[in-house]
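Overview (structure and organization)
Read off the chains here:
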Amino acid sequence: MHELTALIKEDMKPALGVTEPAAIAFAVASARRHTAGTVRSVALELNSGMYKNAFTCGIPGSGETGIVHAAALGAVGADPDKGLECLDGAAEKHERQAKELAASGRITVEMTDITSRIFIKASVTTDEGNASVTIRGSHTNIVCITENGRTVFEKPAEPESADGTEAEPPLIHRYTVNELYSYAMTIPKQEIFFVGNAIEMNLNLCKAGLLSLETPYTHFLFKENGDCFFSKDERKTAALLCAAAVEARVLGISVPAMSITGSGAHGIIASLPIYASSVVCGYPAELMIRATALSFLICMYIKEYSGKLSSFCGCAIAAGTGAACGLTLQCGGSAEAVAYTINNMASGITGMICDGGNHGCVMKAAAAIDAAYRASAMAMGKVCIDGRHGINGRMPEQTMRNMGLIASPGMTGTEKTIIDILEHKMGE
């Protein structure tokens, strides 16, 4: 198996609801497993991105939102063996218990520092003892477990260089855009057939959004698309499919998304526009799969620079750029056209903020789809914002690096301001 194939396969993970509340519930449930008795209290420590993204998120299977309820449901009704789908199967009795625990004031939440690197520490105290679980780097990467103050599991820290960065560059950064394009075009189709699972899963979530009566943006776009799921307009169809899936996800509808880079919305935006264009334009299924593989890789490339959780909207900027590149490949674009597409996207929407997982994600998704189609069409017409201008680099790899740097460390102050605004609103 090609190492890029393995990278995509490892990165694709089902996630129920927005990933951050799911990760919080997973962390609490994992800690709960290491202690017996009745839950007395839960204490959470979260990095800024985790704190912000879960702040007002809908929780699957309930009408509740936010960090405290995610933690409460994790303590009483989550199955950590299911990873980011840990809330799948939570019963009505668990929901009642979670509401009581959340209302009791026995769940505390502390934000640790402003960083795009994922950090969760969940501590559960019962009438028989206490346990804690620490997660770092990715949403389910447990690095430490304690029971009654005694460490029972600890994962070695990743090596860092003298300046605090990773000693070895991520695998994806060892490739050029030309090499990623070549991989997507030439890898045996049987090896990447599994990528279609992401499209299938995200399409099911999209259908759930369309069937819901609580998805106003979806129904607006459905009407705009001629009151049909697929119209002759590939952009409007793509916007509808993405919005329906994203809206269903942020509202907590209990249907999973296939995430990439730890985000269901990234997986949705990096896959469904390519599927929409394939259906509307009649592209071969194999070409759609190859285009989606490239889309995922470009998204991963940018996210490795920006960090998993930052104050720019990775769904629009990273996944949107991935989708734009996939659209370019699917309609016959060369590696050069893909490079043009990256520069056009960098010049267009870099800097769009992330103010957490919430209903506004639907608007950001719609903007990303519009930008992706425009960037791809211009690239196919050999129109490109070249490296002399703005944050664009001499090579597309440099452009993507600069896109990531805008988020982290570039927007650290923005992250703090967004969190201040959210907290001020809660106190009003």
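Source: prediction; values computed, not measured.

Before going further, it helps to spend a moment on the overall build of the chain. For the chain, the helix and strand inventory stands at 16 helices and eight strands. The C-alpha atoms of the chain give 21 Å as radius of gyration, which agrees with the globular expectation for 428 residues (22 Å, within 12%). In terms of principal-axis extent, the alpha carbons of the chain reach across some 65 × 55 × 45 Å. The buried share among the 428 residues of the chain stands at 55%. Within the chain, contacts between residues separated by at least 24 positions form 75% of all contacts whose residues are at least 6 apart in sequence. Carbon and sulfur atoms provide 53% of the accessible area of the chain, an area that totals close to 17,400 Å². Counting 35 positive and 44 negative side-chain charges, the chain places the averaged centre of each group 2 Å from the other.

A few words now on the packing of helix α12 (residues 314-330) against helix α14 (residues 361-380). Between two packed helices, what matters for the description is the angle formed by their axes and the separation of those axes. The N-to-C vectors of α12 and α14 enclose an angle of 40°; their axes lie 8 Å apart at closest approach. Taken together, α12 and α14 sit at an angle that is classed as oblique. As α12 packs across α14, the resulting crossing turns out to be right-handed. Contacts between α12 and α14 involve A316, G320, A324, L327 and T328 from the first element and K364, A368, A372, Y373, S376 and M380 from the second. A per-class count over the contact of α12 with α14 returns seven nonpolar, three polar and one charged.

Residues I8, L180, L294 and F296 are the most contacted members of the largest nonpolar core, which totals 92 residues. Among the elements that make up this core, the one with the highest residue count is helix α11 (residues 285-306) (13 residues). Core analysis: the second largest hydrophobic core is formed by 45 residues, A25, A27, V28 and A71 among them.

Rules and cut-offs
Residues numbered from 1 in each chain as written. Predicted model: local features only at pLDDT ≥ 70, side-chain atom pairs only at ≥ 80, totals over all residues. Heavy atoms only, no water. Helix = DSSP H or I, 4+ residues; strand = E, 2+ residues; numbered from the N terminus. Rg over C-alpha atoms; globule rule 2.2 N^0.38 Å. Buried < 20%, exposed > 50% of the residue type's maximum accessible area, 1.4 Å probe, protein only. Contact = heavy atoms within 4.5 Å. Areas by Shrake-Rupley, 256 points an atom, 1.4 Å probe, with all protein chains shown as cover. Lys, Arg positive; Asp, Glu negative; His and termini not counted. Charge placed at Lys NZ, Arg CZ, Asp CG, Glu CD. Axes fitted to C-alpha atoms, helices over the stretch in contact; angles between N-to-C directions. Parallel < 35°, antiparallel > 145°, perpendicular 65-115°, else oblique. Left-handed = near helix turned anticlockwise from the far one by under 90°. Nonpolar A, V, L, I, M, F, W, Y, C, P; charged D, E, K, R; others polar. Core = buried A, V, L, I, M, F, W, Y, C linked by side-chain atoms within 4.5 Å.

Limitation: the analysis is restricted to geometry and does not speak to function.
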